[in-house]
Amino acid sequence: MIEVAGLRKSFAAGGQTIAAVDGVDFSIKAGAMATLLGPSGCGKTTTLRCLAGLERPDSGRIAIGGATMVDTGVFVPPQRRNLGMVFQSYAIWPHMSVLENVAYALEGRGVPRAERRKRAMEALALVQLTELAERAAPRLSGGQQQRVAIARALVGQPQALLFDEPLSNLDAKLRIEMRNELKRIQRESGLTAVYVTHDQAEALAISDEIILMRAGHIVERGTPVDVYRRPRHVFTAQFLGSTNLIPGMVAEVNCGRLAITTALGRILGVDPTGALRGGAKVMVSIRPEDLATDGINTIEGRMAFAAFAGAVVEAVVLCGDTKIQCLLDGDADLTPGRSVVLRAKPEACLVLAEE
Amino acid sequence: MTRLGLKEAALALLIAVLAYQVIVPFAMIIWTSLKLARPGEPDFLSLSFTFANYLRAYGGEAFWRISLNTLSFAFAATLIAFVIGAFMAWVIERTHTPLAGLIGVLLIGRIAIPGILIAISWILVASPNIGLINQMALRLAGLRNPINIYSFSGMVFVQALELVPLTYLLLGAAFKAMDPRLEEASAMTGAGHWHTLRRISLPLALPAVAAALLLLFLTTIEAFEVPLLMGTRAGMRVYTTEIFYDTSRTPVDWGLSSTYAVALLAVAIVLLFAYFRLVGHGERYQTITGKDFRPRRIDLGPWRYATCVLALALVFLITGVPFLMMLYASLLPFYQVPSTAAFASMSLDNYWTLFQNSKTVTPMINSSILGPAVATAVVLVVALISYFVQKTRLPGRRLLDFLGFAPVAIPSVVLGATFFWFYLIVPLPLIGTLTIIGLAYLTKYMPVALRFVSASMMQVHAELDEAAQVAGGSWARNFLKIMLPLLKPGLLAAWLWVMVHAYRELTIALMLARSQNRTASVVIFDLWEEGSFLRLGALAVLMFGLLSVLCALARVISARFGVEEQVA
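Residues numbered from 1 in each chain as written. Chains lettered and ligands numbered in written order. Predicted model: local features only at pLDDT ≥ 70, side-chain atom pairs only at ≥ 80, totals over all residues. Heavy atoms only, no water.

1. Quick look at the sheet that holds strand β8 (residues 160–164) of chain A
Residue and element names in this part refer to chain A.
No. 1: Spatially, the six strands line up as an open sheet ordered β7-β8-β9-β3-β10-β11, and their pairing is mixed. Each having just a single partner strand, β7 (84–86) and β11 (217–222) make up the two edges of the open sheet. In this sheet, adjacent strand axes meet at a mean angle of 15 degrees when their direction is disregarded. (Pairing = 2+ DSSP bridges. Helix = DSSP H or I, 4+ residues; strand = E, 2+ residues; numbered from the N terminus. Axes fitted to C-alpha atoms, helices over the stretch in contact; angles between N-to-C directions.)

Set out below in structure tokens:
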């Protein structure tokens, strides 16, 4: 269980103060894996470093496992928080062997020498690195260094795990493999985990909960399915996956359905916030995969560009001046200039307040 | 490509110039040591060699005593400088000590004060009879000469203070280059500050620390000013002063000075070899600011005021004492202990005397020409060297790299001696001119400048040059319009470093000095020998002022071309 309330942290840069984290509140259930997601500079890494104790917040409260770590007049230093952390650069100590790197994490916790070795080997077994225990740390590949970093974070039996963009230095294939591995280890250990990333696909795949941040604030939070299928902000819809945004105005509100006047005609959609009233300026968000051949909303246009991608066709349809991205069946007619009718169900057309 | 263009011609010319500048001193020193004839005598050029000089020098007890002196002096000064320098680097780079930035600037500012002035200031402060402290002790406590700077410990003390800014530069860079994540990872495992320091920070810094110690030791072995001014009265003769006296007395003892020079060169080469074994070949081009991290600063709590006071006190000893002593002396009509009467008698008379005497005006002009001219030449040569080495595949570029770096092994006193001897036998009218000093400086300052510029060159992507070639400009035009502006930060750093050091250099200038080519530092030595402390002080203050003006000018001029430096 991790609780954060009113967290603020600013940095002085070039004579001016920049609020990196500007009033952030959230809590994470015990055993859950939460992701801090957002573009670079959104404050996600600073938030994580405040949790770790590597940054001292200007104000706010942090409690981990029921114990207050940060509050007015309280600051528990990182070495006394009993956390495991995996750094973006892995931070593997180059002057030690693999085993020494992992066993070191038990020194500060006062574990006797003989037991340190035994427990370090157990942690290495968990990440499948037993054979490399005696190898010098710099002579490891990126993926192996990553595994050492994970073993080192786990070996001390911490009360929570912190991950700072741990996969960003790996190549694409290894990244997917390690991300499943991370998820498995976190599930098996049952530890609460906080994971920082700017990669939305990674966040969707790995998290129990996504906390989306922008400019030092939390935009919204929810399960991956929630934030992807029912975003409540234009920013969320744009940042997670790709979407078409069609500007318009609310013409009518009727039993949860909204009729929107747009340049492409009238579109029926739903409002995930339930707060929109007639006359509001809005954006209608329709994901490319939701533009199919059935549904009561119709958008007419001409085929502008199509790229064959195996199972589907990634197409751009020109509707007036608006370019609409859509995924069509693999056997669709791709002739440029041909007229196309796209259809969408009202549930797939999200009406979001203009930002 | 078979056609020989300007680029190939430039490379060939560069190799020729470097070979001349670098091989001559090495060859000259060995050759002279194997000859009984003097340079200029017909037999000097014959191919008969003898080990007589070596037998005479190394057979005597004096040589071994002087060797022991040199090594123990260097060892003690290095150790003390290291402790102080490491403390300063830690305070400035790794703690939240108040005024850390100002302390760093004052420490680096000391580099503009010539080494001879540091020795002179401390003699004025702590020598028997005339020293301020001893005069005060006599007046206030009736103690007769409680301290004596003319002693082994006095020399070590002054030399160590002189070395601290360099120590700070070497260690500060190493401290800054350390990835703070490695320490943070340790804190996350539950390890406390001391545990992290002992098990992570220190072992990681060890190679850089050992390398810094070796370089400092090498610098102290070559140290000249402190042994020259204090060594004789302290009974501490070292290699550098022996070579100087044997070369400058009449008749010159060629055999003895050349064999001592060979011994000094040998020690320097051994130390350098160990240095490179330690840091690996690539470290020569280590970039000092390549990573995007800020080092983690340690919060000392109330202790930060203690570190602040201690660091300020040390900076006072290192930078404050020489500067204030010179300023104080320069304003007095005769030398005296500070008192109300002394302050009441202050005037600018010493400065006017300096301006009315061509014996002091000409050398100041000489130094003001020499510094910028040498710096410009050195920077151009090293820019070409690092361009050829890093951005082309022309044959001969490895040789260039080696020649550019080899002079780091030649101690100044040896360099001065060999240039003097060489131009005695070569019929070029260079002795007694600024040119001969400039040529020696070119060799002397190339390695350090090469280090600055190579680091910059590594950050210039090869494609930037290739794009210019594709765009069709001539090679020379591309070099001037693309390469040099891109290299600006490194070039400026190198230019300033060389300019400041060439401006204030004493050893080589003194060994090559005649009446017409004296530099400001040489005149300071002259004034010291005459006992004119007050005019000496005025000259020192003027040198410092002129140097500040030159540095400011360089910054203004450089701001008008090249890429903007990024504001962090």
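There is more to say after this.
2. Looking at the domain arrangement of chain A
Residue and element names in this part refer to chain A.
No. 1: Each domain of chain A was delimited in the assignment, giving domain 1 (2–234) and domain 2 (242–353).
No. 2: Each of domain 1 and domain 2 has a C-alpha centre, and these two points are 39 Å apart.
No. 3: Between domain 1 and domain 2, the contact holds seven residues from the first and 10 residues from the second.
No. 4: Considering only the side of domain 1, the residues that lose the most area to domain 2 are Y228, R232 and V234, jointly responsible for 62% of the buried surface there.
No. 5: Linking domain 1 with domain 2 are one salt bridge.
No. 6: Across the pair D290 and R229 runs a salt bridge whose closest N-O atoms are separated by 3.0 Å.
No. 7: In this assembly, domain 1 and domain 2 are joined by three residue pairs in polar contact (both at pLDDT 80 or more).
No. 8: Here the residues of the side of domain 1 that touches domain 2 are counted per class, giving three nonpolar, one polar and three charged. (Domains from an automatic or database assignment. Contact = heavy atoms within 4.5 Å. Buried area = accessible area lost by both parts, 1.4 Å probe. Salt bridge = Lys/Arg side-chain N within 4 Å of Asp/Glu carboxyl O. Polar contact = N/O pair within 3.5 Å; in protein donor to acceptor, adjacent residues only side chain to side chain. Nonpolar A, V, L, I, M, F, W, Y, C, P; charged D, E, K, R; others polar.)

3. A word on the interface of chain B and chain A
No. 1: Facing 21 residues of chain B, the contacting portion of chain A comprises 25 residues.
No. 2: For the pair chain B and chain A, the number of links is two salt bridges.
No. 3: We note a salt bridge from R199 of chain B to E107 of chain A, for which the minimum N-O separation is 2.4 Å.
No. 4: Counting across the chain B and chain A interface gives eight residue pairs in polar contact (both at pLDDT 80 or more).
No. 5: Elements represented by at least two residues in the side of chain B that touches chain A include exactly α8 (180–188) and α9 (193–221) of chain B.
No. 6: Tallied by class, residues from the side of chain B that touches chain A come to eight nonpolar, seven polar and six charged.

4. Considerations on a nonpolar patch on the surface
No. 1: A surface patch of nonpolar side chains, amounting to about 310 Å² of accessible area, comprises L99, L102, L106 and L312 of chain B.
No. 2: Relative to the helices and strands, L312 of chain B is located in helix α13 (residues 303–330). (Patch = residues over 30% accessible without salt bridge, like charges linked within 9 Å, V, L, I, M, F, W, Y side chains within 5 Å. Areas by Shrake-Rupley, 256 points an atom, 1.4 Å probe, with all protein chains shown as cover.)

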